[in-house]
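Analysis of the macromolecular model
Listed below, chain by chain, are the residues.
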Amino acid sequence: MEEEGTTPAISRKTLLKAAFIAAPVPLLATGAPALARTVWAEGGPLEPTPFCEDGDDPTIPQTEGPYFKPNSPRRSTLPGSGTPLVVSGFVFGLACQPLANVLVDFWQCDTNGNYDNRGFNFRGHQFTDAQGRYQLTTIVPGLYPGRTRHIHVKAQAPNRPVLTTQLYFPGEPRNNTDTIFDPRLLMTIRTVGGRREGTFDFVLNVAGQPTPTGSPTPTATPTTTPPGGSWAPGTAYTAGVTVTYGGATYRCLQPHTSQAGWEPPNVPALWQRV
Ligand SMILES: [Fe+2]
């Protein structure tokens with residue numbers, strides 16, 4: 001089988017700096033980078049998901065590997081035998097605004113390390129929903145010579161350039177020897193029963209204003225009638241404290257400094273209704 005990306009001595013140019021590994025990740029013990037939503041909640045900067053490629057033009061055709069095929073079927077479930085895997089997350093812009101209708105195209109090898117180059121097994125594209133979410137139901141890809149375990153992906157916001165990259169699994173021995181592997185592209189993986197659950201947030205180079213995930217549409221929150229309560233923007237909240245907002249009580253889940261748009265009902269990652 002043809003190996004991909006085994007060109008030696010290539011100094012991989014990360015075209016865009018990744019802030020993930022520079023940001024504090026105290027909650028993660030897996031060595032995986034923090035999810036973008038966590039970095040944002042902690043006040044860290046977001047920068048685009050790094051291209052998993054060599055920056056030199058001649059090597060660009062290798063970045064997506066030899067097995068990409070256009071016109072994959074639109075589906076979020078890639079059927080086949082193997083260890084079940086569900087990968088989910090968000091696609092954000094630079095201001096952590098969820099990006100809807102992002103084309104996310106996945107392809108991977110089967111459990112034996114083979115790509116389907118005749119048909120479209122383990123290939124499929126989907127679009128992020130209004131909250132910028134995607135979810136892929138598949139299997140854990142196998143291994144093939146020259147590479148560590150990975151899933152290929154292209155992500156493209158409407159009328160924006162395509163990001164071509166790959167997702168990786170923590171704890172893989174070959175992560176140490178694969179010259180393409182980049183720890184900034186590690187998923188957070190957990191095992192639930194007999195299946196794996198992976199999470200990864202993409203950040204595309206799309207400017208915008210922050211819109212907390214799960215926030216209602218602008219028309220759903222009348223700005224002329226402040227709901228009131230003890231919650232206030234610009235306040236440093238610690239985990240465990242409770243506030244009131246809109247007649248309800250919320251408990252802080254993780255320390256952060258509040259800001260307009262992060263009202264408790266809008267940010268379930270920060271506030272839990274009690
Ligand atoms: Fe591959």
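Note that the structure is a prediction, hence the values are computed from the model and not measured.

Now for the overall build of the protein. If you tally the helices and strands in the protein, you get two helices and 14 strands. Put simply, the protein has 274 residues, and 35% of those count as buried. Within the protein, counting contacts between residues at least 6 apart in sequence, those at least 24 apart form 67% of the total.

On average, residues of the protein carry a pLDDT of 76, and 72% of them reach 70 or more. The least confident element of the protein is helix 2 (residues 60-63), whose mean pLDDT is 36; the most confident is strand 3 (residues 123-127), at 98. Per-residue pLDDT stays below 50 along residues 213-226; that stretch engages in 12 contacts with residues further than four places along the chain or on separate chains.

What follows concerns the sheet that holds strand 14 (residues 271-273). Spatially, the three strands line up as an open sheet ordered 11-12-14, and their pairing is antiparallel. Either end of the sheet is taken by a strand with one partner, and the two such strands are strand 11 (242-245) and strand 14. Between one strand axis and the next, the sheet turns by 40 degrees as a mean value, whatever way the strands run.

Attention now moves to the sheet that holds strand 2 (residues 103-107). With respect to topology, four strands assemble into an open sheet ordered 3-2-5-6, the strand pairing being antiparallel. Both edges of this open sheet fall to strand 3 and strand 6 (162-168), since each of them pairs with a single strand only. Across the sheet, the mean angle separating the axes of adjacent strands is 20 degrees when strand polarity is ignored. Pairing between strand 5 (residues 150-156) and strand 6: seven bridges, direction antiparallel. If you follow H150 over to strand 6, its bridge partner there is Y168.

Moving on, we come to the nonpolar core. Nonpolar side chains in soluble globular proteins tend to be buried together. Counting residues in hydrophobic clusters, the biggest one holds 45 residues, and the most contacted among them are V91, F92, A155 and L204. Of all elements in the fold, only helix 1 (36-41), strand 1 (84-92), strand 2, strand 4 (133-139), strand 5, strand 6 and strand 9 (202-203) reach the threshold of two or more residues within this core. Per-element accounting of this core gives the leading share, five residues, to strand 1. Beyond its immediate stretch of four places on either side in the chain, A155 contacts V91, V102, V104, L163, F202 and L204.

About the thresholds
Residues numbered from 1 in each chain as written. Predicted model: local features only at pLDDT ≥ 70, side-chain atom pairs only at ≥ 80, totals over all residues. Helix = DSSP H or I, 4+ residues; strand = E, 2+ residues; numbered from the N terminus. Buried ≥ 20, exposed ≤ 12 C-beta atoms within 10 Å, placed from the backbone. Contact = placed C-beta atoms within 7 Å. pLDDT = per-residue confidence, 0-100. Pairing = 2+ DSSP bridges. Axes fitted to C-alpha atoms, helices over the stretch in contact; angles between N-to-C directions. Core = buried A, V, L, I, M, F, W, Y, C linked by C-beta atoms within 7 Å.

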